[in-house]
Amino acid sequence: MMLVLLGPPGAGKGTQAKNIEKKFGIDHISTGDILRSEIKKNSVLGMKVREYVENGKLVPDSLIIEIIKEVISSNGTKNGFLMDGFPRNIRQADMFSGMLDELGIKLDRVINIVVDREEIIKRLGKRRVCKLCHAVSSVNNGEDSAICPKCGGELIKRKDDNGEIIRRRLEVYEEETSPLIEYYRKKGILLNIDGSGTEEEVTGRIFESL
Ligand code: AMP
């Protein structure tokens, strides 16, 4: 199964992606995770993208397309894939579509997780990521340090989960990424999923509609 996950930052794409990956045995490909890992390694790519990622701006399309080509050619596509955070604009979607055509692959579904703006801002402020297992969790207001409920590792705040940067990422989403909803609706493969409620409720809605 070939899937794309759409939705604003904080909609729960990463969390849901892990559940979909487990259930269907498909490869979860998160461009954000790939970029953060390159930044951490201080690789050539990491140095090129650091400023964009830390300031909530989109990394140039040419770099992202290279990453996707590399991932697809090294993972293969026979297990299927789940794109999380890609494509992020119409240019990327067009290039992706051309790439899939060349490989003779059909995109099955685009899952759009719908969450309203107020809820997103609230969630991003409380979002923490485990340093060890990378699971995402939420802390109570005012709580700075906490441990991961999944593995006991240290929870940290992403550098781009801060006031001004959150606002910029939401603007970038509105301007660049949200037109993809209409783009994929026209292709007849869009699934709108209500992203409110618990992780399990959202996962249930996704599984039901797939
Ligand atoms: P995410 O983890 O998906 O929220 O992505 C974090 C950051 O990585 C974004 O704010 C962008 O700076 C960068 N990024 C991730 N995916 C893409 C993409 N497909 N195109 C451009 N930039 C991206």
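Residues numbered from 1 in each chain as written. Predicted model: local features only at pLDDT ≥ 70, side-chain atom pairs only at ≥ 80, totals over all residues. Heavy atoms only, no water.

Q: I tried to follow the overall build of the protein on my own but got confused; where do I start?
A: Summing up its helical and strand segments, the protein has nine helices and eight strands in all. Here the C-alpha radius of gyration of the protein, 17 Å, is about what a compact globule of 210 residues would show, namely 17 Å. Overall, the protein is about 50 × 40 × 30 Å in size when its C-alpha atoms are taken along their principal axes. Buried residues in the protein amount to 45% of all 210 residues. Accessible area for the protein stands at about 11300 Å²; split by element, carbon and sulfur atoms hold 50% of it. Separation of charge centres in the protein, based on 34 positive and 33 negative side chains, amounts to 2 Å. (Helix = DSSP H or I, 4+ residues; strand = E, 2+ residues; numbered from the N terminus. Rg over C-alpha atoms; globule rule 2.2 N^0.38 Å. Buried < 20%, exposed > 50% of the residue type's maximum accessible area, 1.4 Å probe, protein only. Areas by Shrake-Rupley, 256 points an atom, 1.4 Å probe, with all protein chains shown as cover. Lys, Arg positive; Asp, Glu negative; His and termini not counted. Charge placed at Lys NZ, Arg CZ, Asp CG, Glu CD.)

Q: Looking at this structure, how should I read the sheet that holds strand β6 (residues 136-138)?
A: As a general point, the strands of a sheet are linked pairwise by backbone hydrogen bonds and lie either parallel or antiparallel. The three strands are arranged β6-β5-β7 in an open sheet whose pairing can be described as antiparallel. Looking at strand neighbours, the two that pair on one side only are β6 and β7 (155-156), the edges of this open sheet. Alignment of strand β5 (residues 127-130) against β6, held across three bridges, turns out to be antiparallel. Among the inter-strand pairings, Arg127 is bridged to a residue of β6, identified as Ser138. (Pairing = 2+ DSSP bridges.)

Q: How should the packing of aromatic side chains be read in this particular structure?
A: For any pair of aromatic rings, geometry is given as the distance between the ring centres together with the angle between the planes. Within the structure shown, the criterion is met by four aromatic pairs. Residues Phe81 and Phe96 carry aromatic rings whose centres are separated by 6.1 Å and whose planes lie at 55° to one another, so their mutual orientation is tilted. Of this pair, Phe81 sits in strand β3 (residues 81-84) while Phe96 sits in helix α5 (residues 90-103); the two residues are 15 residues apart in sequence, bridging distant segments of the chain. The residues Phe81 and Phe96 share a single accessibility class, namely buried. Between Tyr183 and Tyr184 the ring centres are 4.9 Å apart and the planes differ by 85°, which places this aromatic pair in the edge-to-face class. Accessibility assignment for this pair places Tyr183 and Tyr184 in one class, buried. Feature note: the residues Phe81, Phe86 and Phe96 constitute an aromatic cluster, connected by ring pairs. (Phe/Tyr/Trp six-rings, centres within 6.5 Å; stacked < 30°, edge-to-face > 60°.)

Q: What exactly am I supposed to notice about the side chain of Asn89 here?
A: Here Asn89 shows up in the loop between β3 and α5. Within polar-contact distance, the side chain of Asn89 engages the backbone nitrogen of Arg91 at 3.3 Å. For Asn89, the side chain forms a polar contact with the main-chain nitrogen of Gln92, separated by 2.7 Å. Setting aside residues up to four positions removed in sequence, Asn89 forms contacts with Leu58, Asp61, Glu176 and Leu180. (Polar contact = N/O pair within 3.5 Å; in protein donor to acceptor, adjacent residues only side chain to side chain. Contact = heavy atoms within 4.5 Å.)

Q: Even after reading the chapter, I still don't get the site of the ligand, so can you show me in this structure?
A: Looking at the ligand, there are 17 residues lining it, with Thr31, Arg36, Lys57, Gly85 and Gln92 nearest. Contact distances for the ligand include 3.2 Å between an oxygen atom and a side-chain N or O atom of Arg158. Notes on the ligand: free accessible area 480 Å², of which the protein chains cover 96%. For the shell around the ligand, the secondary structure elements donating two or more residues are α2 (31-41) and α3 (44-54). The leading source of residues in the shell around the ligand is α2, at four residues. Per-class residue counts for the shell around the ligand are seven nonpolar, four polar and six charged. (Near = heavy atom within 4 Å. Nonpolar A, V, L, I, M, F, W, Y, C, P; charged D, E, K, R; others polar.)

Q: Honestly, the nonpolar core in this entry has me stumped. Any pointers?
A: The tendency in soluble globular proteins is for nonpolar side chains to be buried as a group. Phe81, Met83, Phe96, Leu107, Val110 and Tyr184 are the most contacted members of the largest nonpolar core, which totals 31 residues. Of all the secondary structure elements, the ones that give two or more residues to this core are β1 (2-6), α2, α3, α4 (61-75), β3, α5 and α8 (179-186). The dominant element in this core, judged by the number of residues it contributes, is α4, at seven residues. Discounting chain neighbours no more than four positions away, the residues touching Leu107 are Met2, Leu3, Val4, Phe81, Phe96, Leu100, Tyr184 and Ile189. Counting 18 residues, the second-largest nonpolar core is a separate cluster that includes Ala11, Ala17, Ile111 and Ile120. (Core = buried A, V, L, I, M, F, W, Y, C linked by side-chain atoms within 4.5 Å.)

Q: Looking at this structure, how should I read the sheet that holds β1?
A: An order of β2-β3-β1-β4-β8 is seen for the five strands of this open sheet, with the pairing classed as parallel. A single partner strand is all that each edge strand has here, and the edge strands are β2 (27-30) and β8 (190-194). Recorded for the sheet is a direction-independent mean angle of 20° between the axes of neighbouring strands. Bridge analysis of β1 against β3 gives four bridges, and the strand direction is parallel. Of the residues in β3, the one forming a bridge with Leu5 is Asp84. (Axes fitted to C-alpha atoms, helices over the stretch in contact; angles between N-to-C directions.)

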